[in-house]
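Secondary and tertiary structure notes
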Amino acid sequence: MNFVDTHCHLNDEKFSADLAEVWRRANELGVSRVINFGDTLKSSAAVVALAEKFSGMFAGVGIHPEEISDFEEKNSVEKIIELAAQKKVVAIGEIGLDYYWEKDSGARLLQQKIFIRQLDIARQLNLPVCIHEREAHGDALKILKTEARGLRGVLHCYSGSLEMAREVWKLGWLIGVDGPLTFKNSAKLPEIVKAAPREMLLIETDAPYLAPVPNRGKRNEPAFVVDVAKKIAELRGEELEFVAQYTTENAEHLYKGISGKW
């Protein structure tokens, strides 16, 4: 079986002591490729460097909505474009909206502005997009409908409703499924996964965060994406091999740069 962890952060300091071992464990379980995403200019440069160092590792570059203080119009746009030109960069992300902590309307509008600007970069470079969206469902969907026309991508670590998911799928966007699917309190996500067209599902870890059962509370790592796939198989009444096959095909279709020789 072949799995792709389509969202992680192996540049995190939690992996500084044993990254090679973490990657070996993933490979042993059939996780052949991962996409590491930046959330600042610094971390975006770090994931590009990791991609150059490890076969099977790829990168996404961009500025996270909680890191908008890192964004300066001219310099940041130029730097993202420069990083995105590297061979193993396959996406713009993670970018988006996060209203969980941010209650100020002006700051939320700035998040929207920077999100849209980075969507423009993705369009310019013909790259797919990885979106972080938390407690901003209405605004995120509105921006997808009005500002992301012609783009494809994924709502990473999906946390919206089934109704919103159906709107997202109509637009041709995928949802990313992570460890929370395995949690006992994941009230709506199992129903969304069961309802999803299989071509609209990706598996992720978001490592080092959100480790799935049976490793909940521990440091997450790409090997654990197999546990997410197992839960999908259980919920949908499918064989694990089938889930591995179609989620890998979905990843290769969206992130075309991960196919072929690495």
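This section reports on the structure supplied with the text. Keep in mind that what you see is a predicted model, and the values were worked out from it rather than measured.

1. A short note on the overall build of the protein chain
- Check the secondary structure of the protein chain and you find nine helices and eight strands.
- Against the 2.2 N^0.38 benchmark of 18 Å for 262 residues, the protein chain shows a C-alpha radius of gyration of 17 Å, consistent with a compact globule.
- In terms of overall dimensions, the protein chain has a C-alpha envelope of 45 × 40 × 35 Å along the principal axes.
- Looking at the 262 residues of the protein chain, the share that counts as buried comes to 58%.
- A separation threshold of at least 6 residues defines the contact pool for the protein chain, and within that pool the share at least 24 residues apart is 72%.

2. What to know about the packing of aromatic side chains
- Summed over the entire model, instances satisfying the criterion amount to three aromatic pairs.
- Each ring, one from tyrosine 100 and one from tryptophan 101, has its centre 4.8 Å from the other, and the planes form 85°; the classification is edge-to-face.
- Since its relative accessible area comes to 63%, tryptophan 101 is described here as exposed.
- Seen in terms of ring centroids, phenylalanine 242 and tyrosine 246 are 5.0 Å apart; in terms of plane orientation they differ by 75°. Their pairing is edge-to-face. Residue phenylalanine 242 and its partner tyrosine 246 are both found in helix H9 (residues 240–254); the two are separated by four residues, about one turn of the helix.
- On the basis of relative accessibility, which here comes to 3%, the residue tyrosine 246 falls in the buried class.
- Arginine 134 extends its terminal NZ or CZ atom over the ring of tyrosine 100, reaching a point 3.6 Å from the ring centre.

3. Some points on the nonpolar core
- Core analysis: the largest hydrophobic core is formed by 92 residues, its most contacted members being Phe3, Ile92, Trp173, Ile232 and Tyr255.
- In this structure, tyrosine 255 is in contact with Thr6, Ile35, Phe37, Val90, Ala91, Pro128, Cys130, Val154 and Leu202, ignoring residues within four places of it in sequence.

4. Digging into the packing of helix H8 (residues 225–236) against H9
- The contact between H8 and H9 brings their axes to 9 Å, and the two run at 115°. Here H9 runs roughly perpendicular to H8, going by the angle between their axes. The interaxial crossing formed by H8 with H9 has right-handed handedness. Seen from H8, the contacting residues are Ala229, Lys230, Ile232, Ala233 and Arg236; seen from H9, they are Leu240, Val243 and Tyr246.
- Here the residues of the contact of H8 with H9 sort into six nonpolar, no polar and two charged.

5. Points about the side chain of arginine 236
- Looking at the secondary structure, you find arginine 236 in helix H8.
- Classification of arginine 236 as buried rests on a relative accessible area of 18%.
- Polar side-chain contacts of arginine 236 include one of 2.7 Å to the backbone oxygen of valine 193.
- Each residue touching arginine 236, except ones within four places of it in the same chain, is listed here: Val193, Lys194, Ala196, Pro197, Arg198, Leu201 and Tyr246.

6. Considerations on the sheet that holds strand S2 (residues 31–37)
- As summarised here, the arrangement of the eight strands in space is S1-S2-S3-S4-S5-S6-S7-S8, forming an open sheet in which the pairing is parallel. Bordering the open sheet on either side are strand S1 (3–8) and strand S8 (201–203), each of which pairs with just one other strand. If you compare each strand with its neighbour and ignore which way they point, the axes differ by 30° on average.
- When strand S4 (residues 89–98) meets strand S5 (residues 129–134), the two strands line up parallel, connected through five bridges. Looking across to S5, one finds that glycine 96 is bridged to histidine 132.

7. Let's talk about the pattern of salt bridges
- Throughout the structure, instances matching the rule amount to 17 salt bridges.
- In this structure, glutamate 73 engages arginine 117 in a salt bridge whose closest nitrogen and oxygen atoms are separated by 2.7 Å. Of this pair, glutamate 73 sits in helix H3 (residues 73–84) while arginine 117 sits in helix H4 (residues 105–125); the two residues are 44 residues apart in sequence, bridging distant segments of the chain.
- The exposure class of glutamate 73 is partly exposed, given its relative accessible area of 43%.

8. Observations concerning the environment of alanine 251
- Take alanine 251: it is sitting in helix H9.
- Looking at alanine 251, the relative accessible area reads 0%, which means it is buried.
- Taking the C-alpha atoms as reference points, alanine 251 and arginine 166, separated by 85 residues in sequence, lie 19 Å from one another.
- Excluding residues that lie within four positions of it along the chain, alanine 251 makes contacts with Val4, Thr6, Leu202 and Ile258.

9. Focus: the packing of H4 against helix H5 (residues 137–147)
- Here H4 crosses H5 at 35°, and the two axes come no closer than 11 Å. At the point where H4 passes H5, the crossing takes the right-handed sense. Along its contact with H4, which presents Gln112, Phe115, Ile116, Leu119 and Arg123, the element H5 presents Asp139, Ile143 and Glu147.
- Here the residues of the contact of H4 with H5 sort into four nonpolar, one polar and three charged.

The rules behind the values
Residues numbered from 1 in each chain as written. Predicted model: local features only at pLDDT ≥ 70, side-chain atom pairs only at ≥ 80, totals over all residues. Heavy atoms only, no water. Helix = DSSP H or I, 4+ residues; strand = E, 2+ residues; numbered from the N terminus. Rg over C-alpha atoms; globule rule 2.2 N^0.38 Å. Buried < 20%, exposed > 50% of the residue type's maximum accessible area, 1.4 Å probe, protein only. Contact = heavy atoms within 4.5 Å. Phe/Tyr/Trp six-rings, centres within 6.5 Å; stacked < 30°, edge-to-face > 60°. Lys NZ or Arg CZ within 6 Å of the ring centre and 35° of its normal. Core = buried A, V, L, I, M, F, W, Y, C linked by side-chain atoms within 4.5 Å. Axes fitted to C-alpha atoms, helices over the stretch in contact; angles between N-to-C directions. Parallel < 35°, antiparallel > 145°, perpendicular 65-115°, else oblique. Left-handed = near helix turned anticlockwise from the far one by under 90°. Nonpolar A, V, L, I, M, F, W, Y, C, P; charged D, E, K, R; others polar. Polar contact = N/O pair within 3.5 Å; in protein donor to acceptor, adjacent residues only side chain to side chain. Pairing = 2+ DSSP bridges. Salt bridge = Lys/Arg side-chain N within 4 Å of Asp/Glu carboxyl O.

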